[in-house]
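# Examination of the molecular architecture
If you want the building blocks of each chain, they are given just below.
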Amino acid sequence: MCGIVSDGWSDPQRRPLINSMTVIESGPMFLKALDCSDEVKDRDFIAEQMTNLIMEVGHSNVVQIVIDNAHVCKETCLIIEAWFPFIYWTPCVVQTLNLALKNMCSQEHKKK
């Protein structure tokens, strides 16, 4: 059993990338980096890419996907969970904490 973890990045040439890896008991393993320069990263595009990863790993092996907590990612995960009801979405804790801290700091800044 494994999880698939995916996140968006930019390379040194500022091209948008989606990096993906799988996580198993023995540790993480890089799967691929997808150049999204000419793509609109909407829920359908991301769901298609996640589905391709799930099928590449083997849908019976995947129990969880971990991606950002952004609105488009939430919508993507609803699509994935409809297609694969045994695969669960977990929002990235680090990204969620980062957003919460930014929100708290901006609220504190507004009070001053």
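Scroll up for the structure.
Residues numbered from 1 in each chain as written. Predicted model: local features only at pLDDT ≥ 70, side-chain atom pairs only at ≥ 80, totals over all residues. Heavy atoms only, no water.

### A closer look at the pairing of strand β5 (residues 88-91)
- Bridge count between strand β4 (residues 62-67) and β5: four bridges; the pairing is parallel. Bridge pairing in β5 places Val66 opposite Thr90.
- For the crossover from β4 across helix α2 (residues 71-83) to β5, the handedness is right-handed. (Pairing = 2+ DSSP bridges. Helix = DSSP H or I, 4+ residues; strand = E, 2+ residues; numbered from the N terminus. Right-handed = clockwise from strand over helix to strand, strands pointing away.)

### Brief notes about the packing of helix α1 (residues 43-57) against α2
- Contact geometry for α1 and α2: axes closest at 9 Å, N-to-C directions at 45 degrees. For the element pair α1 / α2, the angle class is oblique. α2 is crossed by α1, and the crossing has right-handed handedness. The segment α1 lies against α2, with Arg43, Asp44, Ile46, Ala47, Met50, Thr51 and Ile54 engaging Val72, Glu75, Thr76, Ile79, Ile80 and Trp83.
- Split into classes, the residues belonging to the contact of α1 with α2 amount to eight nonpolar, two polar and three charged. (Axes fitted to C-alpha atoms, helices over the stretch in contact; angles between N-to-C directions. Parallel < 35°, antiparallel > 145°, perpendicular 65-115°, else oblique. Left-handed = near helix turned anticlockwise from the far one by under 90°. Contact = heavy atoms within 4.5 Å. Nonpolar A, V, L, I, M, F, W, Y, C, P; charged D, E, K, R; others polar.)

### Section: the packing of aromatic side chains
- Counted under the stated rule, the structure contains one aromatic pair.
- Ring geometry for Phe84 versus Phe86: centroids 6.2 Å apart, planes at 75 degrees, classification edge-to-face. (Phe/Tyr/Trp six-rings, centres within 6.5 Å; stacked < 30°, edge-to-face > 60°.)

### Comments concerning the nonpolar core
- Of all hydrophobic cores here, the largest spans 19 residues; its most connected members are Ile4, Met50, Ile54, Val62, Ile65, Ile80 and Ile87.
- Counting residues per element, the ones that place at least two in this core are β1 (2-10), α1, β4 and α2.
- Element by element, the count of residues in this core is highest for α1, at six residues.
- Excluding residues within four positions of it along the chain, Ile80 makes contact with Ala47, Met50, Thr51, Ile54, Ile65 and Ile87. (Core = buried A, V, L, I, M, F, W, Y, C linked by side-chain atoms within 4.5 Å. Buried < 20%, exposed > 50% of the residue type's maximum accessible area, 1.4 Å probe, protein only.)

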